[in-house]
Amino acid sequence: MDTGGMLEGAVPQPGNTPYVARGHTKVVSLRTCRGNIVARNNRVSATVGNSSVLACPPKSNITMITWKISPRVGGPCTLGYRADQNKTDRTNCSDSMNWKFRPDRNPTLEIQQVGIAHEGNYTCEVVATEGNFHKTYHLTVLVPPRLTLYCDDHGNPVCEAAAGKPAAQISWVLESNSTPKEEGHDNGTVTVLSKFTAYGTNVTNTTCIASHPAGNQSKSIACRPSKNSGFILHVSTILCFLSIITFMAVIYYFKLHSNRQTPVALAGLQQELCS
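A short tour of the structure in this document, coming up. No experiment lies behind these values; they were computed from the predicted model shown.

1. Some details on the side chain of Thr66
(1) Moving on: In this fold, Thr66 is placed in strand β5 (residues 62-71).
(2) Moving on: On the accessibility criterion, Thr66 (16% relative accessible area) is buried.
(3) Moving on: Setting aside its immediate chain neighbours within four residues, Thr66 contacts Leu79, Gly80, Thr123, Cys124 and Glu125.

Rendered as structure tokens:
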């Protein structure tokens, strides 16, 4: 029985029972009066700006080949080939999607300059004398983040992984209790911000690492505590101390003034009663 190019290591089950091959490819085989219908689902990824190549099961005596594409953005499109007319056609597909080779020899699909809008499902349908064959891909587009590392106004290192897809994971070479903050964008990308705070040192020399499926990045920086922030802290401490002294002086003044007025008031009241 033709398995339609199964992965090595797959062990079919008797009858019409589906089976799963090794890896992330699911293969389902059903017997019909025309032959085998093989459907395979694969998850693939491509980095934005690169090209992606999706293979279709090569078969002999092909009658018709159809790529059915359902992108993340925009409507569905199709690329077709008919052997009896030796003709190709396309419906609603952009110029970035095309046959990589002659479809009668190799029905591989090529996506040039992959963008986020290309993310979606791609299904190749092959009609041949030995049966019908289907292979489906789910394409995920990876967007590497833009990594920046700088010192804030207080002299703390701040690491930002902007507009990555999926969200990057930020870590520091020196241990940090920083909790990353994430901000999602309409196009599916995510910006991650992490601030490193170190105590008991005048210089913070550290490295930020952004881990991402499209590739890891790292940057290092040496930050010094801001002189302005130290001056403001000293001024605030002095003002607070002066405020406390002033408040205590006012209380003492009113208390002393009240004690002096009480005997005078009592003497005046006694004179009025005696007269």
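2. Some remarks on the state of the cysteines
(1) Moving on: The final tally for this structure, using the stated rule, is 4 disulfides.
(2) Moving on: Two residues, Cys77 and Cys93, share a disulfide whose sulfurs are 2.3 Å apart. Between Cys77 and Cys93, the S-S dihedral sits near 90°, and the bridge is therefore right-handed. On the criterion of sequence distance, the pair formed by Cys77 in strand β6 (residues 77-82) and Cys93 in the loop between β7 (87-91) and β8 (97-99) is long-range, its members being 16 residues apart.
(3) Moving on: Looking at Cys93, the relative accessible area reads 11%, which means it is buried.
(4) Moving on: Bridging Cys151 to Cys223, the disulfide has an S-S length of 1.9 Å. With the S-S dihedral at roughly -85°, the linkage between Cys151 and Cys223 falls on the left-handed side. Note that Cys151 is positioned in strand β12 (residues 146-151) and Cys223 in strand β18 (residues 217-223), a separation of 72 residues in sequence.
(5) Moving on: Look at Cys223 and you get buried, because its relative accessible area is 1%.
(6) Moving on: Assigning the bonded cysteines of the chain consecutive numbers by sequence position, one obtains the connectivity 1-4, 2-3, 5-8, 6-7.

3. Regarding the packing of aromatic side chains
(1) Moving on: On inspection of all chains with the given rule, the structure shows 2 aromatic pairs.
(2) Moving on: For the pair Trp172 and Phe196, a centre-to-centre distance of 5.4 Å together with 45° between the ring planes defines the contact as tilted. Residue Trp172 is located in strand β14 (residues 169-172), and its partner Phe196 is located in the loop between β16 (190-195) and β17 (204-211); the two are separated by 24 residues in the primary sequence.
(3) Moving on: Judged by its relative accessible area of 12%, Trp172 falls in the buried class.
(4) Moving on: Overall, Phe196 belongs to the buried group, its relative accessible area being 3%.
(5) Moving on: Across from the ring centre of Phe133, 4.3 Å away, lies the NZ or CZ of Lys59, which sits over that ring.

4. Let's talk about the pattern of salt bridges
(1) Moving on: For the structure on display, the rule yields 7 salt bridges.
(2) Moving on: The salt bridge partner of Lys100 is Glu110, with a shortest N-O separation of 3.8 Å. Taken together, the residues Lys100 in the loop between β8 and β9 (109-111) and Glu110 in strand β9 connect sequence positions 10 residues apart.
(3) Moving on: Lys100 gets classed as partly exposed once you look at its relative accessible area, which sits at 34%.
(4) Moving on: Accessibility expressed as a relative area gives 16% for Glu110, which makes it buried.
(5) Moving on: When salt bridges that share partners are traced, they join Arg72, Glu119 and Lys165 into one network.

Reading the values: rules and limits
- Residues numbered from 1 in each chain as written.
- Predicted model: local features only at pLDDT ≥ 70, side-chain atom pairs only at ≥ 80, totals over all residues.
- Heavy atoms only, no water.
- Helix = DSSP H or I, 4+ residues; strand = E, 2+ residues; numbered from the N terminus.
- Buried < 20%, exposed > 50% of the residue type's maximum accessible area, 1.4 Å probe, protein only.
- Contact = heavy atoms within 4.5 Å.
- Disulfide = S-S within 2.5 Å.
- Phe/Tyr/Trp six-rings, centres within 6.5 Å; stacked < 30°, edge-to-face > 60°.
- Lys NZ or Arg CZ within 6 Å of the ring centre and 35° of its normal.
- Salt bridge = Lys/Arg side-chain N within 4 Å of Asp/Glu carboxyl O.

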